[in-house]
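Chain and residue survey
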Amino acid sequence: MTVFGPIPSRRLGRSLGINNIPPKVCTYSCVYCQVGRTTRMRVERGPFYTPEEIAEAVRRRVESIREANESIDYVTFVPDGEPTLDVNLGRTIELLRPLGIKTAIITNSSLLWRADVRSDLLKLDLISVGVDAALDEIWHRVNRPQSRLRLDRVLDGLLTFGKAYEGKLITETMLVQGVNDSEENVTAVARFLAQLKPARAYLAVPTRPPAESWVCPPDEAVINRAYQIFSERLDSVEYLIGYEGTAFSSTGDVVEDLLSITAVHPMRADAVRDLVARAGADWSAVQGLVEQQRLVATRHDGRTFYLRKLAVRGS
């Protein structure tokens, strides 16, 4: 279990992340996933870390951040897998309330057909749900779901939840060139989201190293066309294609900061340099982590990213 950040989020401002799922336990194995291919596919919920363990780790981190006079907009469940697989999620959310910070989750929405999952998520202030496809064949190609999942059930669960939820519901649709960026699929997703009525619908493209090396974003014309299709049916649509910036939080321990952030959030080289400088360290700290094979440098879209080695994350 990891508490990391705050990191700059394109949706949540300064987000303190909770990694409440071991790598890589998920209901999907999305082709674009920044954490890599799913190694443990499942749909049944189970315990991973105790709610008390998570809440105490968050409390300690919040105290250190406040002592440094830094801000937190959301405490967000955004792990190495699907956060709703955690059967103790609801209890953990309740234990975080005394901190007085808004709570959020980023979910692929695959388990919202379950009443217990919907009940847990009703306790959150903000929910970001992924909807990459509304056509079955394309859903299987882009999200590669666990075999027991059915798209119609997933979408129906989302609609049921949306009618009951009183917090802020936003959606994210990740477009992958040649996979789910066809006008047919984009239109089908837009029609579904028009029923869901999110506060905002984001159109995203892969900006970090993906699970499959062949994954790349659509060209500008395709993205713009998708925006037009969404805007015809939805009140608030935004691109989610920009870089978050380099305003990562530093505790002063650059090794701990790098390992905790890159466990779930690959960092661009310029962000790493900025973090190292603000910690009063030098590049040898980064080089040492690379030589120890605790940190990996990889290229994507002409840029260098640093991420924590998956085998180390589970240790």
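This one's a predicted model, so the numbers in the text were calculated from it and none came from an experiment. (Residues numbered from 1 in each chain as written. Predicted model: local features only at pLDDT ≥ 70, side-chain atom pairs only at ≥ 80, totals over all residues. Heavy atoms only, no water.)

1. A short note on the overall build of the protein
How we decide: Put simply, DSSP H or I for four residues or longer makes a helix, DSSP E for two residues or longer makes a strand, and each gets a number counted from the N terminus. We compute the radius of gyration from the C-alpha atoms alone; for a globule the expected value is 2.2 Å times N to the 0.38, where N is the number of residues. Partly exposed describes any residue whose relative accessible area lies between the buried limit of under 20% and the exposed limit of over 50%, with all areas from a 1.4 Å probe on protein chains only and scaled to the type maximum. Any two residues whose heavy atoms approach within 4.5 Å at even a single point are treated as in contact. All accessible areas in this document rest on Shrake-Rupley with a 1.4 Å probe, and a residue is counted as covered only by the protein chains that are shown. By the counting rule applied here, Lys and Arg register as positive and Asp and Glu as negative, while His and the ends of each chain are not counted. Charge positions come from single atoms, namely NZ of Lys, CZ of Arg, CG of Asp or CD of Glu.
The helix and strand inventory of the protein stands at 11 helices and 13 strands. The C-alpha radius of gyration computed for the protein amounts to 19 Å, which stays within 12% of the reference 20 Å derived for 315 residues, consistent with globular compactness. Classification of the 315 residues of the protein by burial places 57% in the buried group. Relative to all contacts within the protein whose residues are 6 or more apart in sequence, the contacts with residues 24 or more apart total 74%. By element, 45% of the accessible surface of the protein is carried by carbon and sulfur atoms, the whole surface being about 13400 Å². Side-chain charges of the protein comprise 40 positive and 40 negative groups, with the mean position of each set lying 2 Å from the other.

2. Let's talk about helix 6 (residues 183-196)
To keep it simple, the criterion reads: Here a helix's expected span is defined as the number of its residues, less one, multiplied by 1.5 Å.
Over its 14 residues, helix 6 extends 20 Å from the first C-alpha to the last, a length consistent with the 20 Å expected when each residue adds 1.5 Å. All of the buried residues in helix 6 are N185, V186, T187, A188, V189, A190, F192, L193 and L196. If you follow the buried residues of helix 6, they end up packed against strand 7 (126-130), helix 4 (136-143), helix 5 (151-164), strand 8 (168-174), strand 9 (200-204) and helix 7 (220-231).

3. So, the side chain of T84
The condition is simple: Whenever a nitrogen or oxygen atom comes within 3.5 Å of another N or O atom, the pair is scored as a polar contact, on the condition that within protein one atom can donate a hydrogen and the other can accept it, and that pairs from neighbouring residues in sequence are kept only if both atoms are in side chains.
Tracing the backbone shows T84 in the loop between strand 5 (74-77) and helix 2 (89-96). Side chain to side chain, T84 and E82 meet in a polar contact 2.6 Å long. Discounting chain neighbours no more than four positions away, the residues touching T84 are R45, L89, I105, T107, L111, V117 and L121.

4. A word on the nonpolar core
Within soluble globular proteins, side chains that are nonpolar tend to cluster in buried spots. Note the cut-off: What is meant by a nonpolar core is a set of buried Ala, Val, Leu, Ile, Met, Phe, Trp, Tyr and Cys residues, joined one to another through side-chain atoms within 4.5 Å.
Among the nonpolar cores identified, the biggest contains 80 residues, and V58, L121, I127, L193 and F230 are the most heavily contacted of them. In terms of residues, this core owes the most to one element, helix 6, which gives 7 residues. Counting 17 residues, the second-largest nonpolar core is a separate cluster that includes I261, M267, L275 and V286.

5. Details of the pattern of salt bridges
Where we set the bar: Just to be clear on terms, a salt bridge is a Lys or Arg side-chain nitrogen sitting within 4 Å of an Asp or Glu carboxyl oxygen.
By the definition in use, this model includes 20 salt bridges. In this structure, the salt-bridge partner of E94 is R91, at a minimum N-O distance of 3.8 Å. Of the two residues, E94 and R91 both sit in helix 2, 3 residues apart, roughly one turn of that helix. Judged by relative accessible area, which is 31%, E94 ranks as partly exposed.

6. Let's talk about the packing of aromatic side chains
Test applied: Two rings from Phe, Tyr or Trp (for Trp, the six-membered ring) form a pair when their centres sit within 6.5 Å of each other. Planes less than 30 degrees apart are called stacked, planes more than 60 degrees apart edge-to-face, and all others tilted. Geometrically, a charge over a ring is one whose NZ (Lys) or CZ (Arg) sits within 6 Å of the ring centre while staying within 35 degrees of the ring normal.
For the structure on display, the rule yields 4 aromatic pairs. Between Y28 and W139 the ring centres are 6.1 Å apart and the planes differ by 75°, which places this aromatic pair in the edge-to-face class. Within this pair, whereas Y28 is found in the loop between strand 3 (25-26) and strand 4 (40-41), its partner W139 is found in helix 4, the two being separated by 111 residues in sequence. Of the residues examined, Y28 reaches a relative accessible area of 4% and is grouped as buried. Judged by centre distance (5.8 Å) and plane angle (75°), the ring pair of W283 and Y306 falls under edge-to-face. Of this pair, W283 sits in the loop between helix 9 (269-278) and helix 10 (284-291) while Y306 sits in strand 13 (residues 303-308); the two residues are 23 residues apart in sequence, bridging distant segments of the chain. Its relative accessible area of 30% is what places W283 among the partly exposed residues. Since its relative accessible area comes to 10%, Y306 is described here as buried. Positioned above the aromatic ring of W113, the side-chain terminus of R153 is 3.9 Å from the ring centre.

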